[in-house]
Amino acid sequence: MKKRPFSARLPITFHRPSQRDLRNLMLCGFGLVSGLVVVLSSGLWSDLAIGQNLQQREDQVIRNYQLPTAPAPAPIYQPAAPSAPAEAPVEEAPPESVVEPAAVEPGGEKATTESPKPEKPEKPEKTTAEKPVEKPDRTAQKQYLGPLSQYVLEFNRSPAMGNRMRIEGVFGEQRLGFTRPNNWQVKGAKAVVRFQHSPALVASRSNLIVRVNDTAVGTVPLNLKDGQIGEAVVTIPPNLIQDYNDIAVVAQQENSQTCSTSADKSLWTEVLPDSKLVMDYQVQGVPLDFSRYPYPFFDPLALDSARLSYLAPTQVGEAWMTAASRLQASMGRLADFRPMDTQIVKDVKGFKWNDRLIIIGTPEQQPALKGLKLPLSVVADRFQDGSKNAMPDDVGLLMLTTLQNGSVPVLVVTGNSDAAVAKAAQFLSQQQTSQIGTSALVVVNDVSEVKTPNPRDWPRFVPDRPQFNLSDLKGGDGQSYKDVTVKGASAPPVEFNFRALPDDRFVRGNSMTLRYSYSAQVDTSKSTVSVFIGDVGVGSKKLASDNGASRESFTVDLPEKLLRPNSKIRVAFNLVPKGGTDKSCGRVADQQLFGTVHSDTQFNLKRQIGTDLPDLKLLTVGYPFTAPQDLSRMAIVLPDNPSEADVMTLLKFSERMGRISQSSAVKHEVYKMGSLPQSAKEYRNLVGIGTRERFPLPQVFEPDKGFRLMEAFSKQMGKAQIQTLPDNGGVIKTVMSPWSKNGDRVVLALTGQTDAGLKQVQDVLGSDAWFYQLQSDTALLSASQANPSPYDPSGYQFQFLQQSPTKTLENLNILNRIRRFLQSNFLLLPTGIILLSLLMYGIAQLYLKRVAGETK
């Protein structure tokens, strides 16, 4: 059958369009065209608007300033040597009573230590006219090595050293750590180990081994007679010295030709504190660049204290003090536990070795800027751009340069206005923004505001939640704890910080679920794992598996009274090998034993929020000034005309607050007495600095505040009043703020009768050994001797007074408030029960009488 075409299958009819259809069609077409025009026009106008905005921004930048087209080379920082260039060191002859064993290399040859002598300069050729000697242009050099120098690092600088370092047992070991500064090239090194040992040691079987970074560098026999002192001089290959190093002294000690017992007390060797490490090095010149910041102003690898010098401005204003205080707080955070020296200088001359200079302020406030070699020029007290136009007033400037032929680095925090200086200082004090800096010139157009953290978010303390793991805690290096493994029968304990928040009040029910594992071949009848808080044991468990365990756990209660802001938890493994000791000698084969604490160890805490103020003991952890950790609730007040002692106290206190806080920003304010706003009085914790006659917050010494400093070197406490001459003591005092809206703010006074008293306050703030002794609400300071050592805890004498009534600050619900009240007033509980019983008895009697009356 023949198929019809497709067109023939469907009936197709054509109709003539009506006028109505044509009109609808025209309207639809007009609508489509109109919509298309609107869309295209809106997109076009949007593109034009974006282009105009970009063009306006570019024009604004070009119109505001233009950077130099050919920037100058980066200045070279070349530290001066602390001493003259090292030639061949002269060895002093030892006393007759001292025995010096020959220093022996690991290969057995005698070790010699010689410092290379610098090459003699060539004699200049004779010329008819004597030309002046040109100094090298260090800004144009890519690398510069200074003269050969020598550094002596004595063992007694380590806190672990003490009066001696004792090594006990058959195979004992002690370690000390040291660093290599960033710009050092070590050319030679040697260790001079002075020691004495037990006279019971057998010389043929006893040796002293020196290791550097787990590599043996020398061995000497322990063959001294009773009372003699030996000295081992061993050469250290320079390639062994890294950024972080440790030197270990290992003593192999035997008191018998056949067998020695590790527990024998006659097996000992003592390393004396005058032992030393001697390094010959050359200092490498480093181009100054903000990508390396905070180096060279702070070097975490430095062997000496960082010395920061702030150039005093022509007039000390609030903007300068705020910028300097915030920058010093950020430096304190970088320094952490490392020492740092700070001073205020009045000119840019006479700097010593290891000095760094910081200049903060506008060219008008810091005239010395005109004499420095900077990337931007200064004309009429204003910085100019590449087109010789003044830089905008809202643009901060950061620059790096040097003084004294490159030996003193200079950090310039400046701008053409106080707002610009503040913006530049904020850029450096914020960790996130300071990391993006580069070159020797940074132009700060804008700085993002960092969000203020929660007042109870303290990174180095326990988290503010009921349950968390060990991995949520951070160590002294700022890193989270991970799985930790210790080895051997006498393995050291696994220790970690467990610092409670200052306003934590723990109740019963705190626990720790320890998750751990251990090796096989342990004697389960004698091996244990124990938990300590400080030196107090809180739990122990026997190891149960003969074949080792990949994962075990046990829960231990944490007593609430042991949880403090300085608590430490230690987990100790007592690992005894299966089979006991060697019967022939009594030695233990324990190198195969290990124990591991896992980072998923869990903590469950039950606590309330509350604390008692005022208390200087809380100041040692920063509370309440470091809550939140960016210091945004703290304001520091100085006299209207602050002295140098006032400003130095400001810098020392700021540094201390930076050391004990951790945040990505610093936001505290500094005011003068006459311009302190009412809002700061009502909502901030205040710090007053100044001598008694110029103290900016005199309400602290009102009669109802306890101890007072009065005129004519007078002191008053209660009705007792004395007068001393002179009075050089310092005073640290804290009271509840009389201006606080909620009654939860405090005022801290750093004062004294004279500037000498403020100097003592600075000493206490700058030394851990003295600062952490503070307690009560008033501390009277007195130096035990002239220029006391900051490492001597007895260098200052303290008198602590509790004068102000304490106030309890709590954040509790109704149930916890009732519980807290009953805990604080437990003696009222029996009385309350009796009164409640009598009341109920009376109500019952009245009810019974009423019922009896109705019945009648």
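Quick note: structure is the one above.
All chains use their own residue numbering, which begins from 1 and follows the written sequence. For a predicted model such as this one, the threshold for reporting local features is a pLDDT of at least 70, and the threshold for listing and counting side-chain atom pairs is 80 or more; totals across whole chains, interfaces and linings nevertheless cover every residue. To obtain the side-chain values, all non-hydrogen atoms of the structure were used and water was disregarded.

(A) Here's a closer look at the pairing of strand S7 (residues 207-212). The pairing criterion for strands is at least two bridges between them, as found by DSSP. Secondary structure follows DSSP: runs of H or I at least 4 residues long count as helices, runs of E at least 2 residues long count as strands, and numbering of each begins at the N terminus. Sheet topology places S7 next to strand S10 (residues 244-252); six bridges connect them, and they run antiparallel. Across the sheet, residue Asn207 finds its bridge partner in S10, namely Gln252. Pairing analysis gives six bridges linking S7 to strand S8 (residues 215-221), with the strands arranged antiparallel. Each bridged residue has a counterpart across the sheet, and for Asn207 the counterpart in S8 is Pro221. Linking two consecutive strands that pair antiparallel, namely S7 and S8, is a turn of two residues; a positive phi of about 55° is found at Asn213 within it.

(B) Broad picture of the environment of Ile360. The topology assignment puts Ile360 in strand S16 (residues 355-360). A simple rule labels every residue: compare its accessible area, found with a 1.4 Å probe on the protein chains alone, to the largest value its type can have, and call it buried under 20%, exposed over 50%, or partly exposed in between. When its relative accessible area of 1% is taken as the criterion, Ile360 is described as buried. What Ile360 contacts, discounting residues up to four positions off in sequence, is Tyr310, Trp320, Ala323, Ala324, Leu327, Gln366, Val413 and Val421. We call two residues in contact whenever any of their non-hydrogen atoms come within 4.5 Å of each other.

(C) Spatial organisation of the sheet that holds strand S33 (residues 607-613). Across the sheet, three strands lie side by side as S25-S33-S44; this open sheet has antiparallel pairing. The open sheet terminates on both sides in strands that have one partner only, identified here as strand S25 (504-506) and strand S44 (807-810). Across the sheet, the mean angle from the axis of one strand to that of its neighbour is 40°, orientation sign disregarded. Of the pairings in the sheet, the one linking S33 to S44 comprises four bridges and is antiparallel in character. Of the residues in S44, the one forming a bridge with Leu613 is Lys807. To obtain each axis, a line is fitted to C-alpha atoms, and for helices this fit is confined to the stretch in contact; angles are then taken between N-to-C directions over 0 to 180 degrees.

(D) Seen up close, the environment of Ser661. Relative to the helices and strands, Ser661 resides in the loop between helix H7 (644-659) and strand S35 (669-672). Note: C-alpha distance between Ser661 and Ala329 (332 residues apart in sequence) is 9.2 Å. Not counting the four nearest positions on each side in its chain, Ser661 is found in contact with Arg333, Thr626, Gln629 and Leu631. Side-chain polar atoms of Ser661 contact the side chain of Arg333, separated by 3.1 Å. Polar contact is the term for a pair of N or O atoms within 3.5 Å; when the atoms are in protein, one must be able to donate a hydrogen and the other to accept it, and sequence-neighboring residues count only if both atoms are side-chain atoms. Within the structure, the side chain of Ser661 is placed 2.7 Å from the backbone oxygen of Met657, a separation counted as a polar contact.

(E) Layout of the packing of helix H3 (residues 318-335) against helix H4 (residues 418-429). Where H3 contacts H4, the two axes come as close as 9 Å, and the packing angle between them is 5°. In terms of orientation, H3 lies roughly parallel with respect to H4. For the pair H3 and H4, the contacting residues are Ala319, Ala323, Arg326, Leu327 and Ser330 in the first and Asp418, Val421, Ala425, Leu428 and Ser429 in the second. Note on residue classes: Ala, Val, Leu, Ile, Met, Phe, Trp, Tyr, Cys and Pro are nonpolar, Asp, Glu, Lys and Arg are charged, and everything else, Gly too, is polar. Split by residue class, the contact of H3 with H4 holds six nonpolar, two polar and two charged. Angle categories: roughly parallel below 35 degrees, roughly antiparallel above 145, roughly perpendicular from 65 to 115, and oblique for all the rest.

(F) Expanded view of the packing of aromatic side chains. Aromatic pairs are defined between Phe, Tyr and Trp rings, using the six-membered ring for Trp, whenever the two ring centres lie within 6.5 Å; interplanar angles under 30 degrees are classed as stacked, those over 60 as edge-to-face, and all others as tilted. Taken as a whole and assessed by the stated rule, the structure comprises 18 aromatic pairs. Ring geometry for Phe498 versus Phe603: centroids 4.8 Å apart, planes at 40°, classification tilted. Highlighted residues: Phe498 in the loop between strand S24 (494-497) and S25 and Phe603 in strand S32 (residues 602-604), separated in sequence by 105 residues. Relative accessible area serves as the criterion here: at 1%, Phe498 is assigned to the buried category. A connected cluster of aromatic rings, assembled from ring pairs, spans Phe468, Tyr481, Phe496, Phe498 and Phe603. The rule is short: NZ of Lys or CZ of Arg within 6 Å of the ring centre and within 35 degrees of the ring normal puts a charge over the ring. Against the face of Phe771 rests Arg656, its NZ or CZ located 4.5 Å from the ring centre.

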